[in-house]
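Analysis of the macromolecular model
Here are the chains, one letter per residue:
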Amino acid sequence: MIEFSGALRVTVDEQDIEVTAEGKNIRADVERPRRVFRALGSPAAGHRLLRAAAAALFEHGMTLTVTRSGSPLARVGAGIGNTLSGTLLRIPHLELFPKQRRP
């Protein structure tokens, strides 16, 4: 069984990502998600990475929630059933959330 506990700061293309984990729940807070996705290269590369991450997290019973300023953007991994976004993108165990309007 794999579980994590702790905090980590990751930098991608000068964009800090705050990652925290407790047990099987991981949260990554990203201020500018588009910048991170562009750093991955092509959309196809990002799609492959997301599909592989969702499958690996599901296999180990873990869930990753990606947030922006505390508002959820996406969840991948365990505990996520069939969703429209997952079906359309052909990525099982993926849930996308509507964009939150800033005040």
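Reading guide: rules and limits
Residues numbered from 1 in each chain as written. Predicted model: local features only at pLDDT ≥ 70, side-chain atom pairs only at ≥ 80, totals over all residues. Heavy atoms only, no water. Pairing = 2+ DSSP bridges. Helix = DSSP H or I, 4+ residues; strand = E, 2+ residues; numbered from the N terminus. Salt bridge = Lys/Arg side-chain N within 4 Å of Asp/Glu carboxyl O. Buried < 20%, exposed > 50% of the residue type's maximum accessible area, 1.4 Å probe, protein only.

Description of the pairing of strand β3 (residues 25-30)
- Looking at chain direction, strand β2 (residues 15-23) and β3 are connected through six bridges and run antiparallel. What sits directly across from Glu22, in β3, is Asn25.
- Between β2 and β3, which pair antiparallel in sequence order, lie one residue.
- Across five bridges, the pairing between β3 and strand β4 (residues 63-68) is parallel. When the sheet's bridge partners are listed, Asn25 is paired in β4 with Thr63.

A few points about the pairing of strand β1 (residues 4-12)
- Of the pairings in the sheet, the one linking β1 to β2 comprises nine bridges and is antiparallel in character. Paired with Arg9 across the two strands is Glu18, which belongs to β2.
- Here β1 hands over to β2 after two residues, with Asp13 in that stretch at a positive phi of 50°.

Considering the pattern of salt bridges
- Under the counting rule described, the total for this entry stands at three salt bridges.
- Across the pair Arg9 and Glu18 runs a salt bridge, and its minimum N-O distance is 2.6 Å.
- Notably, a salt bridge pairs Arg75 with Glu95, separated by 2.7 Å at the nearest N-O pair. With a gap of 20 residues between them, Arg75 in strand β5 (residues 71-77) and Glu95 in strand β6 (residues 94-96) connect regions that are remote in the sequence.
- Residue Arg75 is classed as partly exposed on the basis of its relative accessible area of 25%.

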